[in-house]
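# Observations on the three-dimensional arrangement
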Amino acid sequence: MDIEFADRVKRLPPYLFAEIEKLIKEKKAQGVDLISLSIGDPDLPPPQFVIDALKEEAANPKNHNYSFSQGEPDFRQAVAEWYKKRFHADLTQDQVVALLGSKEGIANVARAFVNPGDKVLVPDPAYPVYANGSTILCDGLPEAMPLLEKNGFKPDFDAVKAKKAKMMFLNYPNNPTAAVAPLEFLRESVEFARRHHLILCHDAAYNEMSYDGYRAPSLMQVEGGKEVGIEYHSFSKTFNMTGWRVAFALGNRQILSGLGAVKANLDSGVFEAIQEAGMAALLGPQEELEEVRRIYTRRRNVLVEGLQRAGFQVEKPQATFYVWVPLPAGIRSVDFCARLLQEAAIVSTPGVGFGSYGEGFIRFTLTVSEARLQEAVERIRELQI
Ligand code: PLP
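Once a new chain begins, its residue numbering starts again from 1 and follows that chain's sequence as written. Given that this is a predicted model, residues contribute local features only at a pLDDT of at least 70 and side-chain atom pairs are listed and counted only at 80 or more, while totals for whole chains, interfaces and linings are drawn from all residues. Only hydrogens and water are set aside; all other atoms, that is, all heavy atoms of the structure, feed into the side-chain values.

## Considerations on the layout of surface pockets
Definitions used for this entry: grid spacing 1 Å over protein atoms alone; cavity, a set of points where a 1.4 Å probe fits but cannot get out; pocket, an open set with protein on both sides within 12 Å along at least 5 of 7 lines; lining residue, one with an atom within 4 Å of a point. Grid points are joined across faces, edges and corners, and a volume is the space filled by probe spheres set on the points. Its boundaries defined by the atoms lining it, the largest pocket holds a volume of some 490 Å³. What lines the largest pocket is a set of 24 residues, and nearest its centre among them are Gly40, Lys103, Tyr127, Lys237 and Thr242. Put simply, DSSP H or I for four residues or longer makes a helix, DSSP E for two residues or longer makes a strand, and each gets a number counted from the N terminus. Where the lining of the largest pocket is concerned, the elements lending two or more residues are α2 (16-29), α5 (102-113) and α9 (235-238). Class assignment of the residues belonging to the lining of the largest pocket gives a composition of nine nonpolar, eight polar and seven charged. Domains are outlined according to an automatic or database domain assignment. When residues are assigned to domains, the lining of the largest pocket turns out to be shared by domain 1 (7-45 + 287-382) and domain 2 (48-283), each giving three or more. Side-chain classes follow a simple rule in which Ala, Val, Leu, Ile, Met, Phe, Trp, Tyr, Cys and Pro form the nonpolar group, Asp, Glu, Lys and Arg form the charged group, and the remainder, Gly included, forms the polar group.

## Some remarks on the sheet that holds strand β2 (residues 96-99)
Strands are treated as partners if at least two bridges between them are detected by DSSP. Taken together, the seven strands give an open sheet; going across it, the order is β2-β8-β7-β6-β5-β3-β4, and neighbouring strands pair in mixed fashion. One side of each edge strand has no neighbouring strand; the edge strands of this open sheet are β2 and β4 (141-146). Pairs of neighbouring strands in the sheet enclose a mean axial angle of 25°, with direction left out of account. Of the pairings in the sheet, the one linking strand β3 (residues 119-124) to strand β5 (residues 165-171) comprises three bridges and is parallel in character. Bridging from a neighbouring strand, lysine 119 pairs with alanine 165 of β5. Pairs of residues are marked as contacts when any of their non-hydrogen atoms sit within 4.5 Å. Axes here refer to lines fitted to C-alpha atoms; in helices the fit is confined to the stretch in contact. Angles between the N-to-C directions go from 0 to 180 degrees. On top of the sheet, helix α4 (residues 73-87) reaches β2, β7 (229-234) and β8 (247-251); it is set at about 70° to β8, its chief contact.

## Some words on the domain arrangement of the protein chain
Taken domain by domain, the protein chain comprises domain 1 (7-45 + 287-382) and domain 2 (48-283). When each unit is reduced to the centre of its C-alpha atoms, the spacing between domain 1 and domain 2 is 25 Å. Listed per partner, the contact involves 33 residues of domain 1 and 35 residues of domain 2. Buried area: the sum, over both parts, of the accessible surface (1.4 Å probe) that disappears when the two are put together. Here domain 1 packs against domain 2, burying approximately 3,200 Å² in sum over the two surfaces, 59% of which is carbon and sulfur. Here, a salt bridge means any side-chain nitrogen of Lys or Arg that lies within 4 Å of a carboxyl oxygen of Asp or Glu. Between domain 1 and domain 2 we count three salt bridges in total. With its nearest N and O atoms 3.1 Å apart, the salt bridge here joins arginine 11 to aspartate 139. Nitrogen and oxygen atoms within 3.5 Å of one another constitute a polar contact, given that in protein one can donate a hydrogen and the other can accept it, and given that sequence-neighbouring residues count only through two side-chain atoms. For the pair domain 1 and domain 2, the interface holds 15 residue pairs in polar contact (both at pLDDT 80 or more). When contributions to the side of domain 1 that touches domain 2 are tallied by element, the ones reaching two or more residues are α1 (7-10), α12 (287-309), β9 (322-326) and β12 (361-365). It is α12 that contributes the most residues to the side of domain 1 that touches domain 2, seven residues altogether. A breakdown of the residues in the side of domain 1 that touches domain 2 according to their chemical character gives 19 nonpolar, seven polar and seven charged.

Right, dumping it as structure tokens:
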């Protein structure tokens, strides 16, 4: 039988990491000593007390039933408490929804608000889920907002075509550029969203991963942020819990109730033991988080200083575990990644995989040890760019 995919599935571009994963597999099968600086999945473990909390809660029979798809009241309350401590802003638990990872919430929010043919403003380059999972799979039309180096990798709102747009995604600290955005930029975003009646979805998955004393602000600290938007936070990168699938969205009640209505019909909530362990992570001691920040700072310094010595014009990022490297003029990102893989056995991600405005850059991640990064730097220096 010839089975045809729906048009919306046919419109999806190939999933970026699927291609890279295939290449890695091939090299590994050949026994090559690969240094993988490609996928943003932490190599460090979650804090031990969070693992202990999961073990204890998994042993409790009360935690094994379906949970509320929008999250248990205790979990939502814990998020509000954490948020108050972290950002000094008040939220009530009905302004919080638990998610099966922020990817799920990013993809599902559009299902509640985007009609076929509606435009969704998405950054370019960007985490592919905004344009694909959220927009194309909801029959919407992604409208790229270029993130240019000369604008600090922020959209130029004067140039954004917002007509017929329903929703806008922003993401700071940013993947893949590692750019950060000051509160003033978030203020401008709220203004822009208000002016064009846009739902503003701010993905703050990397908010807690920052260095050199920098702390990223929240959209909800901006006057009007709760009127126009929601913000996504995740346990994935902050607490090295990518496989656990737990995150939350907070902010505007109406947007969250739309997301909640979709979720109530699609999923049956995060495993309660994981919600309990997540509460422990948020409200427990934060020293390990500081240690993780120190580890990434050291790794960042090894990689960036090494790349600078090899002749790359690259800056030290203040947040995320990504390093966004501009290539010498005229070199295509796919070609450079292929050369890195073939000649130095280093896996990186071509900037163009995050959108056409990512061309001319490649992305490295800091998810291997300092020693491996040192080795990567040495291999890159031998390439003689
Ligand atoms: N948002 C951004 C910008 C990301 O880079 C990622 C993962 O790489 C996610 C969201 C997804 O995170 P989660 O594990 O919470 O689904």
